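Descriptive analysis of the structure
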Amino acid sequence: MKVTYKISYDMVRTVCIENDFYNAGTNAEYEKMFSKVSANNGVKTAEEIFEIAEDIYFHTSKYDNLSTELIAACLLQAAYVLSVER
């Protein structure tokens, strides 16, 4: 099964602000991450959202229990399902 999600710049930005993510990156790095979000009009697979989560994790001051999986879960919760293929 392939699930496709829609996620926007604003959704990711809100997740980052609300959770204090991406607090250790430069403006250029932040914009580069957002270019990944905006590519293909924000239509992403779970794998692509996980790649964005990895970027966010790499640019976030670490605290207990922070993981790429936690960040990906936050992003997936903000996104909405666009399509499901069986």
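Residues numbered from 1 in each chain as written. Predicted model: local features only at pLDDT ≥ 70, side-chain atom pairs only at ≥ 80, totals over all residues. Heavy atoms only, no water.

Of all the residues in helix H4 (residues 68–78), the buried ones are Thr68, Ile71, Ala72, Cys74 and Leu75. One face of H4 carries all of its buried residues, which in axial projection span an arc of 160°. The inward-facing, buried residues of H4 contact helix H1 (9–19) and helix H3 (46–58). (Buried < 20%, exposed > 50% of the residue type's maximum accessible area, 1.4 Å probe, protein only. Helix = DSSP H or I, 4+ residues; strand = E, 2+ residues; numbered from the N terminus. Arc of directions from axis to C-beta. Contact = heavy atoms within 4.5 Å.)

For Lys44, the location among the structural elements is in strand S2 (residues 43–45). It turns out Lys44 is buried and unbridged, and the closest side chain with the opposite charge, Glu48, is 5.2 Å from it. A distance of 3.5 Å separates a polar atom in the side chain of Lys44 from the backbone oxygen of Val37. Not counting chain neighbours up to four residues away, the residues in contact with Lys44 comprise Val3, Thr4, Tyr5, Ile7, Lys36, Val37, Ala39, Ile49 and Ile52. (Lys, Arg positive; Asp, Glu negative; His and termini not counted. Salt bridge = Lys/Arg side-chain N within 4 Å of Asp/Glu carboxyl O. Polar contact = N/O pair within 3.5 Å; in protein donor to acceptor, adjacent residues only side chain to side chain.)

Of all hydrophobic cores here, the largest spans 21 residues; its most connected members are Val12, Phe21, Met33, Ile56 and Leu75. Leave out the neighbours within four places in its chain, and Leu75 touches Ile7, Val12, Val15, Ile49, Ile52, Ala53 and Ile56. (Core = buried A, V, L, I, M, F, W, Y, C linked by side-chain atoms within 4.5 Å.)

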